[in-house]
Amino acid sequence: MKKVTGIGGIFFKCKDPNKMKEWYQKHLGLNTNDYGATFEWYEGADSTKKASTQWSPFDETTKYFAPSTKDFMINYRVENLELLVEELKKEGVTIVDKIESYDYGKFVHIMDVEGNKIELWEPTE
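The structure presented is a predicted model; accordingly, all values stated were derived computationally and were not measured.

Caption draft 1: Just the pairing of strand β1 (residues 4–14), in detail. Summarising the sheet, β1 and strand β5 (residues 72–78) pair through seven bridges and their orientation is antiparallel. When the sheet's bridge partners are listed, Gly6 is paired in β5 with Arg77. Pairing geometry for β1 and strand β4 (residues 50–59), over six bridges, is parallel. Note that in β4 the partner of Ile10 across the bridge is Trp55.

Below, the structure is given as structure tokens:
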């Protein structure tokens, strides 16, 4: 079973997310929005299948990365999230929450062996 198909996003804590977004927009040309910046690209040989990677600064006091105490979280794009979660449970991986569905995909959070919270995302596209 194919597990991870790419990186869906990079999330990190900072003192002032808005100032950080402004700095990256001004100095590195990121096209920022309320959530950070979205990098669009095309998957593999199929030039019609658009995908994206999200870059998002979070306030340094966010609890979104909990129970991890790290200042970052990586979102991995996956296929068949339900099946993957079942496999991960059998392998003893800590599943932090239940799968949630939105217009843009399904999400769940897990913990790696060093206590990093990881977000798994099965996009709807």
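Moving on from the model shown.
Caption draft 2: How the structure looks around the pattern of salt bridges. Under the definition given, this model contains six salt bridges. Residue Lys3 pairs with Glu91 through a salt bridge whose shortest N-O separation is 3.6 Å. Here Glu91 lies in the loop between α2 (81–90) and β6 (94–95) and Lys3 lies in the segment before β1, a separation of 88 residues in the sequence. Taken together, the shared-partner salt bridges connect Lys3, Glu87 and Glu91 into one network.

Caption draft 3: How the structure looks around the environment of Thr5. Position of Thr5 among the secondary structure elements: in strand β1. Between the C-alpha atom of Thr5 and that of Trp121, which follows or precedes it by 116 residues, the distance is 10.0 Å. Sequence-distant contacts of Thr5, that is, excluding residues within four places in its chain, are made with Arg77, Val78 and Glu79.

Caption draft 4: Fine view of the pairing of strand β9 (residues 117–123). β9 sits mainly inside the fold: seven of its seven residues count as buried. Side chains Lys117, Glu119, Trp121 and Pro123 project from β9 onto one buried face, and the interleaved Ile118, Leu120 and Glu122 project onto a second face that is buried too. Pairing of β5 with β9 involves four bridges; the strand directions are parallel. Along β9, the bridge assignment pairs Asn75 with Glu119. Across seven bridges, the pairing between strand β8 (residues 105–111) and β9 is antiparallel. Each bridged residue has a counterpart across the sheet, and for Phe107 the counterpart in β9 is Trp121. Between β8 and β9, which pair antiparallel one after the other, the connecting turn spans five residues, and Gly115 there sits at a positive phi close to 85°.

Caption draft 5: Spatial organisation of the side chain of Thr53. Along the chain, Thr53 falls in strand β4. You can call Thr53 buried: its relative accessible area is 17%. At a separation of 2.9 Å, a polar atom in the side chain of Thr53 contacts the side chain of Trp41. Setting aside residues no more than four positions away along its own chain, Thr53 makes contact with Ile7, Gly8, Gly9, Ala37, Thr38, Phe39 and Trp41.

Caption draft 6: View of the packing of aromatic side chains. Applying the stated rule across the entire model yields eleven aromatic pairs. Judged by centre distance (5.7 Å) and plane angle (70°), the rings of Tyr104 and Phe107 are edge-to-face. Among the residues examined, Tyr104 registers a relative accessible area of 48% and is labelled partly exposed. Feature note: the residues Phe11, Phe58, Tyr64 and Phe65 constitute an aromatic cluster, connected by ring pairs. The ring centre of Tyr64 lies 5.2 Å from the NZ or CZ of Lys117, which sits over that ring.

Conventions used here
Residues numbered from 1 in each chain as written. Predicted model: local features only at pLDDT ≥ 70, side-chain atom pairs only at ≥ 80, totals over all residues. Heavy atoms only, no water. Pairing = 2+ DSSP bridges. Helix = DSSP H or I, 4+ residues; strand = E, 2+ residues; numbered from the N terminus. Salt bridge = Lys/Arg side-chain N within 4 Å of Asp/Glu carboxyl O. Contact = heavy atoms within 4.5 Å. Buried < 20%, exposed > 50% of the residue type's maximum accessible area, 1.4 Å probe, protein only. Polar contact = N/O pair within 3.5 Å; in protein donor to acceptor, adjacent residues only side chain to side chain. Phe/Tyr/Trp six-rings, centres within 6.5 Å; stacked < 30°, edge-to-face > 60°. Lys NZ or Arg CZ within 6 Å of the ring centre and 35° of its normal.

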